[in-house]
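Close look at the chain arrangement
So the chains spell out like this:
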Amino acid sequence: MSTVAVAFEKAAAEDRAALVGYLPAGFPDKQTAIRAALAMAEAGADVIEVGLPYSDPLMDGPVIADAVYRALKGGTKIADVFDLVSAIADAGTAAVVMTYWNPVDHYGVDAFARDLAGAGGAGLITPDLTPEEAQPWLDASDARGLDRVFLVAPSSPPARVAAITGLCRGFVYAVSLMGITGARDAVSSSAAGVVARIREHTDLPAAVGLGVSTGAQAREVAGFADGVIVGSAFVRRLAQAGTPAEAVAAVRDLTADLAQGVRRG
Amino acid sequence: MAAIEQLAKEYEAARNDPEFTAELTDLLKNYAARPTLLSEAKRFGREFAGGARVLLKREDLAHTGSHKINNVLGQVLLTKRMGKTRVIAETGAGQHGVATATACALLGLECVVYMGEEDTRRQALNVSRMRMLGATVVPVTAGTRTLKDAMNEAFRDWVTTVDDTHYCIGSVGGPHPFPMMVRDFQRVIGIEARQQVLELAGRLPDAVVACVGGGSNAIGIFHAFIPDEGVRLIGCEAGGDGDGRPERSAATLTLGTPGVLHGMRTYVLQDAEGQTLDTHSISAGLDYPGVGPEHSWLKDAGRAEYRSVSDSEAMEGFAALCKTEGIIPALESAHAVAGAMRLGRELGPDALILVNLSGRGDKDVATASAYFGV
């Protein structure tokens with residue numbers, strides 16, 4: 001059983017949703033990203049989603065898009081992503097990498113799976129890899145025992161939800177709304193429906209992402225989902241902090257708030 | 001995915017519907033001014049292309065000043081058919097944006113065009129034209145602020161607004177069915193040109209030359225000639241500085257490697273880690289790090305050749321055509337003109353070369369004036 005699966009089981013046993021926090025590698029710099037991730041783990045994140053900075057992040061809103069652009073301009077490489085994964089795994093927390101497909105394709109799918117597993121990573125979240133094109137990754141993830149998390153959107157018809165969830169391992173990423181990453185004032189009304197449709201096809205945990213940024217929103221999502229994914233809210237705090245110490249403290253505070261939120265009442 | 005699956009289905013139905021085809025044919029003829037002319041460039045051929053006989057397919061004379069209108073009329077009719085009310089587009093040089101704004105004005109649809117901030121500066125005339133036509137132009141400040149970033153932003157809009165919005169992609173790129181659909185709408189260029197060349201010269205050309213950014217005008221004129229094995233198909237990419245550095249060019253097929261970008265597997269200008277490179281070309285419309293997948297296939301199959309044409313060569317071609325033919329080409333098309341100059345010198349006076357003059361250069365007068373210091 002993967003570290004991610006264990007983390008979701010532990011949360012379920014405690015009658016709460018799992019908290020999944022996102023941070024891109026190399027932002028605001030390599031060491032601060034590592035310190036922020038360790039603070040996130042200590043303050044109650046069950047799974048940490050490590051973003052692999054990519055030049056064309058189509059699914060991301062301005063907060064994350066700007067951060068990964070700056071990470072790349074700062075010289076962030078795939079090796080830095082694996083270093084961050086290693087640091088999180090060494091601290092005993094589950095780490096998955098969120099990546100657009102071209103960097104993996106270019107690195108070589110098998111080599112990427114090998115090096116991710118070697119770093120202690122649990123698997124990949126792949127927002128722009130369609131099931132139709134996924135065979136090399138299915139083979140590589142099977143060979144290395146890695147989780148694979150595909151996304152289900154509110155627009156996904158039932159046959160597609162069945163196909164996507166059939167390929168997932170670890171958990172299923174439920175996209176809460178038609179849109180891009182970024183904080184929203186309210187949890188999307190379509191989120192609960194997406195989770196329900198996922199549950200018609202799989203027993204895997206369903207974690208909701210996009211637009212969740214506060215403890216109160218996390219509590220609302222925890223009412224119907226197995227996991228709560230928060231990204232832009234963390235990245236915004238990193239971007240707004242004046243010093244690395246402030247950045248780490250801000251991430252720790254938000255994690256603690258969200259970790260209270262996922263406790264369902 | 002649901003949106004592009006719906007689009008593929010709707011397009012399949014439309015292309016087999018005689019009523020849709022008739023409506024599009026009528027607009028192409030009576031609104032876009034098709035068929036466009038085939039002009040022989042006699043002085044240009046004699047003085048600049050090694051004496052070769054050069055024929056220009058005059059897409060610059062189509063309504064709005066480029067071939068982009070062919071595709072846009074098709075997609076905007078399809079938008080209406082799907083019951084959507086809003087159209088978004090990306091644009092580099094602004095020719096696709098102007099064409100989209102035009103078709104939306106004609107058919108009464110809301111239009112939003114994403115354009116890199118750098119491109120809004122260097123193609124200011126087209127920004128004004130789009131606004132005049134009632135479109136909203138959104139300058140994109142992400143990344144390198146050029147065509148690729150405009151396309152990213154348009155995709156981000158589309159995932160949010162897909163219920164009432166069609167994304168009218170301007171080139172033969174993006175996820176299926178776009179490369180096929182845009183190719184189909186642009187095929188008219190080659191179908192007309194093949195017949196016109198046969199009528200004028202009594203034989204097929206030795207080569208067909210077109211500029212390639214995303215590759216829509218090139219695939220449009222190439223397609224009818226693919227079965228004609230004796231006809232060379234030559235795509236001219238933006239070589240930028242021309243020193244072979246990928247990041248100082250937009251020569252994707254010449255200098256790129258296979259990858260995935262904007263929902264297509266194709267050649268991409270990318271670094272050792274699969275990050276898309278910043279590109280450079282004097283021509284905003286060619287300044288793109290990917291290319292339509294059908295061109296990648298034509299390259300790998302050996303059916304088409306792709307050459308890099310530098311900024312300075314393109315500007316020579318631009319000046320030569322202005323002075324010998326009285327035609328101001330778009331900077332994009334000037335790459336094809338320069339490619340024909342080089343090819344004419346290689347092949348000599350017996351050669352017959354067909355060039356796709358994909359657009360007119362009014363929009364580029366400021367850039368050219370600065371370049372030549374006039």
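Look above for the structure.
I will try to describe carefully the structure that is included in this document. What you see as residue numbers is a count from 1 along each chain, following the sequence as written. Going through the entries in the order they are written, you letter the chains from A and number the ligands from 1. Under the rules for a predicted model, residues below a pLDDT of 70 receive no local features and side-chain atom pairs below 80 are neither given nor counted, while totals for whole chains, interfaces and linings still include all residues.

Turning our attention to the overall build of chain B. Starting at the N terminus, helices and strands are each numbered in turn, a helix being any DSSP run of H or I of at least four residues and a strand any DSSP run of E of at least two. In terms of regular secondary structure, chain B is built from 16 helices and 12 strands. Expected size for 374 residues packed as a compact globule is a radius of gyration near 21 Å; at 19 Å, chain B falls within 12% of this value. A principal-axis box enclosing the C-alpha atoms of chain B has dimensions of 55 × 45 × 40 Å. To sort residues by exposure, count the other C-beta atoms lying within 10 Å of each residue's C-beta; 20 or more gives buried, 12 or fewer gives exposed, and values between give partly exposed, all with C-beta atoms placed from the backbone. A burial count over chain B gives 61% of its 374 residues as buried. Intrachain contacts of chain B at a sequence separation of at least 6 include 74% that bridge at least 24 residues. Throughout, the radius of gyration refers to the C-alpha atoms, and the reference size of a globule is 2.2 Å times the residue count to the power 0.38. Two residues qualify as a contact pair if the distance between their C-beta atoms, derived from the backbone, is within 7 Å.

Let us now look at the interface of chain A and chain B. When the parts of a complex come together, some accessible area is lost, and that lost area is often used as the size of the interface. Counting residues at the interface gives 23 residues for chain A and 20 residues for chain B. No other element matches the six residues that helix H5 (residues 101–107) of chain A contributes to the side of chain A that touches chain B. Each residue gets one of three labels, nonpolar for Ala, Val, Leu, Ile, Met, Phe, Trp, Tyr, Cys and Pro, charged for Asp, Glu, Lys and Arg, and polar for the others, Gly among them. For the side of chain A that touches chain B, the class distribution of residues is 12 nonpolar, seven polar and four charged.

All names here are of chain A. Helix axes are fitted only over the stretch in contact, all axes being lines through C-alpha atoms; the angle between N-to-C directions runs from 0 to 180 degrees. For the pair helix H2 (residues 30–42) and helix H12 (residues 244–261), the least separation of the axes is 8 Å and the interaxial angle reads 25 degrees. By the angle class used here, H2 and H12 are roughly parallel. You can see that H2 and H12 cross each other, and the crossing is right-handed. Of H12, the residues touching H2 (which contributes Thr32, Arg35, Ala36, Ala39 and Met40) are Pro244, Ala247, Val248, Val251, Arg252 and Thr255. Convention used here: angles under 35 degrees read as roughly parallel, angles over 145 as roughly antiparallel, angles from 65 to 115 as roughly perpendicular, and any remaining angle as oblique. Crossings are classed by handedness, with left-handed meaning an anticlockwise turn of the near helix from the far one by less than a right angle and right-handed meaning a clockwise turn.

All names here are of chain A. Here Ala45 shows up in the loop between H2 and strand S2 (47–51). Here Ala45 falls in the buried class, since 29 other C-beta atoms lie within 10 Å of it. Taking the C-alpha atoms as reference points, Ala45 and Arg252, separated by 207 residues in sequence, lie 9.7 Å from one another. Every residue in contact with Ala45, bar those within four places of it in the chain, is listed here: Leu19, Gly21, Met40, Thr93 and Thr255.

This next bit is on the nonpolar core. What makes a nonpolar core is a set of buried Ala, Val, Leu, Ile, Met, Phe, Trp, Tyr and Cys residues, with links drawn between C-beta atoms within 7 Å. Counting 219 residues, the largest nonpolar core has A:Ala37, A:Ala174, A:Val228, B:Val209 and B:Ile353 as its most contacted members. When neighbours within four sequence positions are excluded, B:Ile353 is seen to be in contact with B:Ala49, B:Ala52, B:Arg53, B:Val54, B:Pro205, B:Asp206, B:Ala207, B:Val209, B:Ala340, B:Leu343 and B:Gly344.

Here the focus is the pairing of strand S1 (residues 18–24) of chain A. All names here are of chain A. Most of S1 is tucked away, with seven of its seven residues classed as buried. Residue alternation in S1 divides its side chains into two sets, Ala18, Val20, Tyr22 and Pro24 and Leu19, Gly21 and Leu23, and both sets are buried. Across four bridges, S1 lies against strand S9 (residues 227–230) in parallel orientation. When the sheet's bridge partners are listed, Val20 is paired in S9 with Ile229. Strand pairing is defined by DSSP finding a minimum of two bridges between the two strands.

Residue and element names in this part refer to chain B. Overall, parallel pairing links the four strands, which are arranged S5-S4-S3-S6 in an open sheet. Taken across any chain shown, the strands that pair with only one partner, and hence form the sheet edges, are strand S5 (136–140) and strand S6 (165–167). For this sheet the average axis-to-axis angle between neighbouring strands, irrespective of direction, equals 20 degrees. Two elements, strand S3 (residues 86–91) and S6, share three bridges in a ladder whose sense is parallel. Looking across to S6, one finds that Ile88 is bridged to Tyr167. In the packing of helix H8 (residues 147–161) onto the sheet, contacts are made with S3, strand S4 (110–116), S5 and S6, and the angle to S3 comes to roughly 160 degrees.

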